[in-house]
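Each chain is listed here by its residues.
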Amino acid sequence: MADTHVLFVEDDDVIREATQLALERDGFTVTAMPDGLSGLEAFRAEQPDIALLDVMLPGMDGVSLCRRIRDESTVPVIMLSARADSIDVVLGLEAGADDYVTKPFDGSVLVARIRAVLRRFGHASGGGAPEPVQDGEGGMLTFGELEVDTEGMEVRRNGEPVALTPTEMRLLLEFSSAPGTVLSRDKLLERVWDYGWGGDTRVVDVHVQRLRTKIGQDRIETVRGFGYKLKA
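Small disclaimer: the values here were computed from a predicted structure and weren't measured.

Trainee: What's the story with the sheet that holds strand β7 (residues 146–149) in this structure? I'm lost.
Mentor: Strand order in this open sheet of 4 strands is β6-β7-β8-β9, and the pairing throughout is antiparallel. Only two strands of the sheet have a single partner each, and these edge strands are β6 (140–143) and β9 (160–161). Bridge count for strand β8 (residues 154–157) against β9 is 2 bridges, and the pairing is antiparallel. Bridge pairing in β9 places Arg157 opposite Glu160.

Here it is as structure tokens:
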């Protein structure tokens, strides 16, 4: 991870400086900014491998900054929130964030989350396409109007390309590998988010909803009390 460049946007001077030092001790290169506008400028100038954004920022809040970043890039984004409040969490994820961490956080927990996100994105730089979830012959999978190219990492709906973030792509690959099979939220957290521990299932729910808006609301079914399945 020595070459991994982290953009960290946090308005609290103490948290920003302490977290930057902790990340640098773990081998990350860190650009730390105090507000949303300077964070956006740094993102465009530095092209980091991952962005850590506090929700509450002056000038441009973290959710708005996440949306601006997502408009321009699929770089992974982790939101930082002082509350585990549902509104903060859901707004950040709906804006395109891949994960979130609640403050106050332990430095080792934050590093573990960063590394988990980067592993999902295929390599340390975080900018490449995700690796296939399962080994196999690969090729084109078709589900009604939806086509999933598991080798080229491309998705089409009614012949038109569908732009997915790497996390959304990994989620779709999991569903595509077992169409008609119910996948629990915990299983998806483990396989897609690389959680070896219990995680917040809201991360799964929001990403499923985001995926539905892109591939069709009816393509992924909710099996109440159990999880989700891809309609075969």
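Trainee: Is there a simple way to explain the pattern of salt bridges in this structure?
Mentor: It is possible for side chains of opposite charge to pair when their charged atoms get near one another. Evaluation of the coordinates by the stated rule reveals 15 salt bridges. With its nearest N and O atoms 3.0 Å apart, the salt bridge here joins Arg210 to Glu168. Of this pair, Arg210 sits in helix α8 (residues 202–215) while Glu168 sits in helix α6 (residues 166–177); the two residues are 42 residues apart in sequence, bridging distant segments of the chain. Under the relative-accessibility criterion, Arg210 is labelled buried at 15%. Owing to a relative accessible area of 0%, Glu168 belongs among the buried residues under this scheme. Each of the salt bridges in this network shares a partner with another, and the network as a whole consists of Glu10, Asp54 and Lys103.

Trainee: Explain the packing of α6 against α8 to me, please; I cannot follow it from the model alone.
Mentor: Relative orientation of the contacting elements α6 and α8 amounts to 85°, with a least axis distance of 10 Å. Between α6 and α8, the crossing angle belongs to the class labelled roughly perpendicular. In contact with Thr167, Glu168, Leu171, Leu172 and Phe175 of α6, α8 contributes His207, Val208, Arg210, Leu211, Lys214 and Ile215. Grouping the amino acids of the contact of α6 with α8 by side-chain chemistry returns 6 nonpolar, 2 polar and 3 charged.

Trainee: Got a minute to help me understand the pairing of β6 in this structure?
Mentor: A regular strand places its side chains on the two faces of the sheet in alternate fashion. The pairing of β6 with β7 spans 4 bridges and is antiparallel. Counterpart to Thr142 in the pairing with β7 is Glu147. Counting the residues that bridge the hairpin from β6 to β7 gives 2 residues, and of these Gly144 lies at a positive phi of roughly 60°.

Trainee: Quick question: what am I supposed to make of the nonpolar core here?
Mentor: In summary, soluble globular proteins display a tendency toward joint burial of nonpolar side chains. One finds Leu53, Met79 and Phe175 to be the most contacted residues of the largest nonpolar core, which totals 49 residues. For Met79, the contacting residues outside a window of four places in its chain are Leu53, Asp54, Val55, Gly62, Val63, Cys66, Gly92, Ala97, Asp99, Tyr100 and Val101.

So, how was this worked out
- Residues numbered from 1 in each chain as written.
- Predicted model: local features only at pLDDT ≥ 70, side-chain atom pairs only at ≥ 80, totals over all residues.
- Heavy atoms only, no water.
- Pairing = 2+ DSSP bridges.
- Helix = DSSP H or I, 4+ residues; strand = E, 2+ residues; numbered from the N terminus.
- Salt bridge = Lys/Arg side-chain N within 4 Å of Asp/Glu carboxyl O.
- Buried < 20%, exposed > 50% of the residue type's maximum accessible area, 1.4 Å probe, protein only.
- Axes fitted to C-alpha atoms, helices over the stretch in contact; angles between N-to-C directions.
- Parallel < 35°, antiparallel > 145°, perpendicular 65-115°, else oblique.
- Contact = heavy atoms within 4.5 Å.
- Nonpolar A, V, L, I, M, F, W, Y, C, P; charged D, E, K, R; others polar.
- Core = buried A, V, L, I, M, F, W, Y, C linked by side-chain atoms within 4.5 Å.

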